[in-house]
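# Tertiary structure, described
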Amino acid sequence: MSRFTSLLLVLISFSAFGQKKTTSPSDQPLPPIVIGITVDQMRNDYIDRFWNDYCDGGFKRLVRNGSYARNLQYNYMPTYTGPGHAAIFTGTTPAHNGIVANDWFERKYNRMTYCSADSLVNGVGTSSAAGKMSPHYLKSSTIGDELKIFTAGKSKVIGISLKDRGAILPAGRTANAAYWFVGGEEGVWASSSWYMRELPKWVQDFNGNGKAKAYASSTWNLLLPEENYTESIEDNNAYEMPFKPLLRPVFPYNIDTLKKHNGGYEILKGVPMGNSLTLDFAIAAIDGEQLGKNNTTDMLCLSFSSTDYVGHQFGIHSKELQDAYIRLDRELEKLLLELDKRFGKDNYLIFLSSDHGGAPTPSLVQKSNAAAGYWSSDNFEDQAELFMNSKYGQGNWILNESNLNLFINRTLVREKNMKLEDMQRTLAKWAEEQEHVTKAYASCDLTQENYTSELGQKVQLGFLPALSGDVIYVLEPGFMEYSRQGTTHGSPYTYDSQVPFILYGKNVPASTNYAAHSITDIAPTVCSYLRIGFPNACTGNPIISFLRPAKK
Ligand SMILES: [Zn+2]
């Protein structure tokens, strides 16, 4: 071998070695920061319905350059805010993460409790009860918890949302902080003693910067000329709930005037300016905590809540809702530009999804002959009590009805030496015979059987024997318990269960995916990208097409 050949071989082996290093997936540098965005009450079809009104730098930038799953569904019920936020970030369902509803009935104390309420902690930055919140009910780990395990606690994980549960549940139990907005007279971002003793200086500074006051003194008008809002019905109609004390649900809304009648600073949750304030605070958090500047991957869980309040009050058909999304789109553009500035273009990972969708307003769609309507759980509970009395003798048999769960008085069952399982099945059978009830399940069957039907599985994955009722029932599609103005969510049907999932960042292929995916697939997809462990009770699978290295 000549000296030249051996030199060449050495060069080839060096370059081959070098090449191996740069093409192996494990050598791709991890992003300095991950932002997990939850848009509260975002139906997947809002991407398409309002597409022409979006700017190039917000939703369009994410969809065009990222991976987008168009058919991702919640695989359990109830589709509420607390369970939804928990499912996205734990990669599992209420059956494992413990968040079975926003509020649920506690048999032991015979009272309702709230998914992030914690009487053992104190508010930090607020003296109101709104501060006594923590993730203590959360039973499984989140993406952020796993990131911390992977980096020996070096990663910072922070949750931010106007709603406490929207900040607390995504960030997880070991998070550095969660911050939420306290309305009323305070109008401040606060936390609790679960995380800290006092607010960091940057939070105190933010609370003193007058931004909440400025937004609460502004006017909400349509962002674009009115002729752009062809995807919505006329502004003045009978299917929307006007702000107090207004008689009509019409633009413009003078927030300063409405503030007095709508809980002071609480009003900011119900207008798009609440999302603007959330973004301002998130950017202050990135700078204040030096997120992404610590030689490791940090995580910000960011939830935009105003869209949910607007959806509830005005419904999915309203100009108010459309405008809230057009404005959120501009906030997303701003966020991406701020991230570009700090970390370099696309040198970060973003994922976006929603905690649930929203139903068409029944009173409106009924006029076009759609099958839809209203449900009274009080009436149903009374009827159930009458049935139990006729069947088992006089007694206070039904302790509680909440979240379509009926709770039987088990103390009375024991006293009378009756068989609980038989009573559960009898009550479930009775429930199924009632008008507008599609199906009802006895707790004993949910514990013992393995349901394979779509609906049975959704009920089972949202069920925990210790927290759920004795009978769980499901209404027909289009039916809800709500006022005749505005709308809600919670059902297992696609209008509530189908949400977008977008992953955006370096080496995420630009693709749109029509295959069926589950909400529990988000966390394992994100964790696979980051090459960290999955949340400990994760039941989903990574979406493979989101993870292929991009071709250069
Ligand atoms: Zn809601």
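As a starting point, this report considers the structure included with it. (Residues numbered from 1 in each chain as written. Predicted model: local features only at pLDDT ≥ 70, side-chain atom pairs only at ≥ 80, totals over all residues. Heavy atoms only, no water.)

## Examining the coordination of the zinc ion
At 2.1 to 2.5 Å from the zinc ion lie its protein donor atoms, namely D308 (OD), D308 (OD), H312 (NE2) and H489 (NE2). Coordination at the zinc ion comes from four donor atoms whose angles at the metal span 54 to 158 degrees, giving a geometry best classed as irregular. Sequence spacing of the donor residues for the zinc ion, all on one chain, is D-x3-H-x176-H. Of this pair, D308 and H312 are both found in helix α12 (residues 306-314), four residues apart, which corresponds to roughly one turn of the helix. With a relative accessible area of 4%, D308 lands in the buried category. Residue H312 is classed as buried on the basis of its relative accessible area, which comes to 16%. (Donors = N, O, S within 2.8 Å, 3.2 Å for Na, K, Ca; no water. Tetrahedral: all angles 85-135°; square planar, octahedral: opposite > 155°, others 65-115°. Helix = DSSP H or I, 4+ residues; strand = E, 2+ residues; numbered from the N terminus. Buried < 20%, exposed > 50% of the residue type's maximum accessible area, 1.4 Å probe, protein only.)

## Let's talk about the side chain of H85
Mapped onto the elements of the fold, H85 is located in helix α4 (residues 81-90). Side-chain polar atoms of H85 contact the side chain of S303, separated by 2.8 Å. When sequence neighbours within four positions are dropped, the list of residues in contact with H85 reads T38, D40, R165, G166, L169, P170, S303 and D355. (Polar contact = N/O pair within 3.5 Å; in protein donor to acceptor, adjacent residues only side chain to side chain. Contact = heavy atoms within 4.5 Å.)

## Some words on the pattern of salt bridges
Taken as a whole, this structure holds 25 salt bridges when the rule is applied. For D280, the salt bridge goes to K334, with nearest N and O atoms at 3.2 Å. Of the two residues, D280 is situated in helix α11 (residues 273-288) and K334 in helix α13 (residues 319-343); the sequence distance between them amounts to 54 residues. Residue class for K334 comes out partly exposed when judged on its relative accessible area of 33%. In this structure, K429 and E433 form a salt bridge, with 3.5 Å as the shortest nitrogen-oxygen distance. With relative accessibility at 55%, the residue E433 sits in the exposed group. (Salt bridge = Lys/Arg side-chain N within 4 Å of Asp/Glu carboxyl O.)

## Things to note about the sheet that holds strand β17 (residues 471-475)
Remark on secondary structure: sheet strands pair via backbone hydrogen bonds, oriented parallel or antiparallel. A sheet is described by the order of its strands in space; here four strands give the open sequence β14-β15-β17-β16, paired in antiparallel fashion. Across the chains shown, the open sheet's two edge strands, defined by having one partner strand only, are β14 (398-402) and β16 (437-442). Across this sheet, the average inter-strand angle for adjacent strands is 20 degrees, counted without regard to direction. Examined bridge by bridge, β16 and β17 share five bridges and lie antiparallel to one another. Bridge assignment links A440 to a residue of β17, and that residue is Y473. (Pairing = 2+ DSSP bridges. Axes fitted to C-alpha atoms, helices over the stretch in contact; angles between N-to-C directions.)

## Focus: the packing of aromatic side chains
Counted by the stated rule, this structure contains 31 aromatic pairs. On the basis of an interplanar angle of 80 degrees and a centroid distance of 5.6 Å, the ring pair of Y179 and F281 is categorised as edge-to-face. Residue Y179 is found in strand β7 (residues 177-182), and its partner F281 is found in helix α11; the two are separated by 102 residues along the sequence. A relative accessible area of 1% means that Y179 is categorised as buried. An angle of 0 degrees between the planes, with centres 4.3 Å apart, marks the rings of W189 and F281 as stacked. Taken together, the residues W189 in strand β8 (residues 188-192) and F281 in helix α11 connect sequence positions 92 residues apart. As far as burial versus exposure is concerned, W189 and F281 are alike and both buried. Every member of this aromatic cluster is reached through a ring pair, and the members are Y179, F181, W189, W202, F206 and F281. (Phe/Tyr/Trp six-rings, centres within 6.5 Å; stacked < 30°, edge-to-face > 60°.)

## Points about the pairing of strand β3 (residues 103-106)
Of the strand pairs in this sheet, β3 and strand β4 (residues 111-114) are connected by four bridges, and their pairing is antiparallel. From the neighbouring strand, E106 faces β4, where its bridge partner is R111. From the end of β3 to the start of β4, which pair antiparallel, there are four residues, and N110 there has a positive phi angle of about 55 degrees.

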